[in-house]
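Residues per chain, in single letters:
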Amino acid sequence: MTPRHLALAVGLAAIWGFNFVVMQVGLRHFPPLLYAGLRFTMAAFPALLFVGRPGVPWRWVAGVAATIGAGQFGLLLVGMRAGMPAGLTSLVLQMQALFTVLFAVTLLGERLTARRVLGLAVAFGGLALVAYDFGLSGPFGAFALCVAAAAAWGLGNVVQRRAAPPDSLRFMVWVSAFSAPPLLLLSLIVEGPPVLGSAAEGWLSLVYVAFLSTLGGFGVWGWLLRRYDASTVAPYTLLVPVFGMSSAALITGEPLSWPKLLAATLIVCGVLYAGTKPRRHPPLTAPSPQRL
């Protein structure tokens, strides 16, 4: 990646890392499926009135809506409401990088280089260290829901790369519009009639996740996926738990132990190694013969 694109990927990880603290606040005021449905409703309207067609066949819009929209966020928020804390959730969800690589290799025929394999191994070593230090304190069912959300995100990354939308922001608006109805219908069936008399912080949480995390974040994410292999872009999301735990420490006072700091170092080094190309040195040439 170029330095500018690398900065975009790292900045996106920071936005998505803080997103877990914001979602935990929102789930105090809304049930999970309703929260997800309102998120995509706000992301789609009124933006849908000002954008044109998505520029790709509708089946790709529906595919990303089913995997990333309803699939990932529905499973993720239900898992968080069932007992998964924000820090551990930000960690477990990064298994999507592994799922993305596996789906990209099997479905798109992308090639795994030794550099990417080694970088991912170092980064996942850091994730394993965080998991050991943090501990699986949540119920197993909630943990399994978050793993399923990671798999849905990984598959959605591959679908979005295959779709290659010409305008990522416009595409995400349509994905949000396709994601909202099934989530709101499921909320009505499972959670009952909605109650929207929430406190201001609940609505501010929705504003953040709808506009900054969803529209802005996935717009940048799709833009990067259109220019690089999915197996190159996906490892940068391993930085999300670093920012997630840091923001939790600053806002909620959650302590950062030395195993977490060591794990963050491993994650950063592994991601940077996997996502950058080795510098090629010019071949050595024999000196030209001197003229007498």
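Note: the structure precedes this text.
Reading guide: rules and limits
- Residues numbered from 1 in each chain as written.
- Predicted model: local features only at pLDDT ≥ 70, side-chain atom pairs only at ≥ 80, totals over all residues.
- Heavy atoms only, no water.
- Helix = DSSP H or I, 4+ residues; strand = E, 2+ residues; numbered from the N terminus.
- Rg over C-alpha atoms; globule rule 2.2 N^0.38 Å.
- Buried < 20%, exposed > 50% of the residue type's maximum accessible area, 1.4 Å probe, protein only.
- Contact = heavy atoms within 4.5 Å.
- Areas by Shrake-Rupley, 256 points an atom, 1.4 Å probe, with all protein chains shown as cover.
- Axes fitted to C-alpha atoms, helices over the stretch in contact; angles between N-to-C directions.
- Parallel < 35°, antiparallel > 145°, perpendicular 65-115°, else oblique.
- Left-handed = near helix turned anticlockwise from the far one by under 90°.
- Nonpolar A, V, L, I, M, F, W, Y, C, P; charged D, E, K, R; others polar.

A. Representation of the overall build of the chain in the model. Secondary structure summary: the chain contains twelve helices and zero strands in total. Listed N to C, the secondary structure of the chain is α-α-α-α-α-α-α-α-α-α-α-α in terms of helices and strands. Expected size for 292 residues packed as a compact globule is a radius of gyration near 19 Å; at 20 Å, the chain falls within 12% of this value. By principal-axis analysis of the C-alpha atoms, the chain measures approximately 95 × 50 × 30 Å. Considering the chain as a whole, with its 292 residues, one finds that 49% of them fall into the buried category. Sequence separation of 24 or more characterises 91% of the internal contacts of the chain that already satisfy a separation of 6 or more. Accessible surface, the chain: about 13,600 Å² in total, of which carbon and sulfur atoms supply 70%.

B. Just the environment of F103, in detail. As for its position among the elements, F103 is in helix α5 (residues 96-108). For the pair F103 and A230, spaced 127 residues apart in the sequence, the C-alpha separation amounts to 9.4 Å. Setting aside anything within four residues of it in sequence, one finds F103 in contact with L108, A151, G154, L155 and V158.

C. Region of interest: unusual backbone geometry. If you check the backbone angles, A164 has positive phi at about 50° while not being a glycine. Mapped onto the elements, A164 comes out in the loop between α7 (140-163) and α8 (168-190).

D. Local environment of the environment of G156. With respect to the element layout, G156 can be found in helix α7. Classification of G156 by relative accessible area gives buried; the value is 0%. Note: C-alpha distance between G156 and A66 (90 residues apart in sequence) is 8.2 Å. Here G156 is in contact with V64, T67 and I68, once residues within four sequence places are set aside.

E. Geometry of the packing of helix α2 (residues 32-44) against helix α9 (residues 200-227). Here α2 crosses α9 at 60°, and the two axes come no closer than 9 Å. Accordingly, the angle class assigned to the pair α2 and α9 is oblique. By crossing handedness, the relation of α2 to α9 is classed as right-handed. Where α2 approaches α9, its residues Y35, L38, R39, F40, M42 and A43 are matched on the opposing element by S205, L206, V207, V209, A210, F211, S213, T214 and L215. Of the residues in the contact of α2 with α9, the class split is eleven nonpolar, three polar and one charged.

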